[in-house]
Amino acid sequence: QMLADGFEVISLARRAPAFSHPRLHSVEVDLADRAATAQAAREAVERFKPDTLVHNAGVILPARLEEVNLDDLDTLVSIHLAAAIILMQAMLPSMKERGFGRIVLLSSRGALGLATRTSYAATKSGMFGMARTWALETAPHGITVNVVAPGPVQTDMFHEIIPVGSPKVEAVAAGIPVKRLGQPADVAHAVRFFTAAESGFVTGQVLYVCGGTSLGGLVL
């Protein structure tokens, strides 16, 4: 969607995108590795001076409370929170210089609570407070900071929990108020709203793109 709207896009991910585009630049980096993330961020800023960050990294690592592994918690802190801080610290000077910036953190409806999501919910909900703090600090510089919190969306991550073809896929969809699973385009539409230049009067907000599941219980 960002490419279609004319953006130069830098993908920082463990794997290169499965497609190519003249304005798509791939950097293979594990965002759980803080030193590697900082190096990738420095190089991206030196080359492109980006003014928009969409932090769309996420790992679940589910476990019941009795089985929560603190090493897993540390990994999710690095991916969901520390990586965002490292990227923003690298990008902020050029954003301030330009007097414009758009930051979107991808959280989750699971931040409101979901069985087996101790580490995931803790770190994804941590994005809320982080975004509100950044929004206050950066607003005078023309920079906005917002959060998109998706519900059940059919992605590889979703199907790592519920396999493709499982009867549970239909059962989850039936339990969603709008009676369908989300699609990546649903999330992209919300992200595109927050990254638009016209959205400069919206900051520090959380938008649930969840088919209504943030209104009540959700069972996966």
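Placed above this text is the structure.
Below: a short report on this structure. (Residues numbered from 1 in each chain as written. Predicted model: local features only at pLDDT ≥ 70, side-chain atom pairs only at ≥ 80, totals over all residues. Heavy atoms only, no water.)

Looking now at the side chain of Asp51. Here Asp51 is to be found in the loop between helix H1 (34–48) and strand S3 (52–55). For Asp51, a relative accessible area of 19% puts it in the buried group. One polar contact links Asp51 to Thr52, side chain to side chain, over a distance of 3.0 Å. Not counting residues up to four positions away in its chain, the partners in contact with Asp51 are Met91, Met95, Arg98, Phe100, Gly101 and Arg102. (Helix = DSSP H or I, 4+ residues; strand = E, 2+ residues; numbered from the N terminus. Buried < 20%, exposed > 50% of the residue type's maximum accessible area, 1.4 Å probe, protein only. Polar contact = N/O pair within 3.5 Å; in protein donor to acceptor, adjacent residues only side chain to side chain. Contact = heavy atoms within 4.5 Å.)

What follows deals with unusual backbone geometry. The residue Leu61 is not glycine, and still its phi comes out positive at about 50 degrees. Locating Leu61 in the fold gives a position in the loop between S3 and helix H2 (70–98). Although it is not a glycine, Lys179 adopts a positive phi angle of roughly 65 degrees. Structurally, Lys179 is set in the loop between helix H5 (167–174) and helix H6 (184–195).

Inspection of every chain in the model, using the stated rule, returns two aromatic pairs. On the numbers, 5.3 Å between centres and 55 degrees between planes, the contact of Phe193 with Phe194 is tilted. Here Phe193 falls in the partly exposed class, since its relative accessible area comes to 43%. (Phe/Tyr/Trp six-rings, centres within 6.5 Å; stacked < 30°, edge-to-face > 60°.)

Counting 29 residues, the largest nonpolar core has Ile103, Leu105 and Trp134 as its most contacted members. Contributions of two or more residues to this core are made by H1, H2, strand S4 (101–106), helix H3 (118–138) and strand S5 (143–150). Sort the elements by how many residues they give to this core and H2 lands first, with nine residues. Contacts of Trp134, omitting those with residues within four sequence positions, involve Ala84, Ile85, Met88, Ile103, Leu105 and Val145. Ranked by size, the runner-up nonpolar core spans nine residues in total, among them Val104, Val148, Ala190 and Val209. (Core = buried A, V, L, I, M, F, W, Y, C linked by side-chain atoms within 4.5 Å.)

In this section: the pairing of S5. Most of S5 sits inside the fold, with eight of its eight residues counted as buried. Neither face of S5 is left uncovered, since the one carrying Ile143, Val145, Val147 and Ala149 and the one carrying Thr144, Asn146, Val148 and Pro150 both have all their residues buried. Sheet topology note: the S4/S5 ladder contains six bridges and is parallel. Across the sheet, residue Ile103 finds its bridge partner in S5, namely Val145. (Pairing = 2+ DSSP bridges.)

In this section: the pattern of salt bridges. Applying the stated criterion across every chain yields a total of three salt bridges. Between Arg192 and Asp5 there is a salt bridge; the shortest N-O distance is 2.3 Å. In this pair, Arg192 sits in helix H6 while Asp5 sits in the segment before strand S1 (9–13), placing the two residues 187 residues apart along the sequence. Residue classification places Arg192 among the partly exposed positions, given a relative accessible area of 21%. On the basis of relative accessibility, which here comes to 34%, the residue Asp5 falls in the partly exposed class. (Salt bridge = Lys/Arg side-chain N within 4 Å of Asp/Glu carboxyl O.)

Running from N to C, H2 and H3 point in directions that differ by 20 degrees, and their axes come no closer than 8 Å. The pairing of H2 with H3 is recorded here as roughly parallel in orientation. Judged by the twist between their axes, the crossing of H2 over H3 is right-handed. The residues of H3 that touch H2, namely those facing Leu73, Leu76, Val77, His80, Leu81, Ala84, Ile85, Met88 and Leu92, are Ser119, Tyr120, Thr123, Lys124, Gly126, Met127, Met130, Trp134 and Thr138. When grouped by side-chain class, the residues that make up the contact of H2 with H3 number twelve nonpolar, five polar and one charged. (Axes fitted to C-alpha atoms, helices over the stretch in contact; angles between N-to-C directions. Parallel < 35°, antiparallel > 145°, perpendicular 65-115°, else oblique. Left-handed = near helix turned anticlockwise from the far one by under 90°. Nonpolar A, V, L, I, M, F, W, Y, C, P; charged D, E, K, R; others polar.)

These results come straight from atomic positions and should not be treated as a statement about function.
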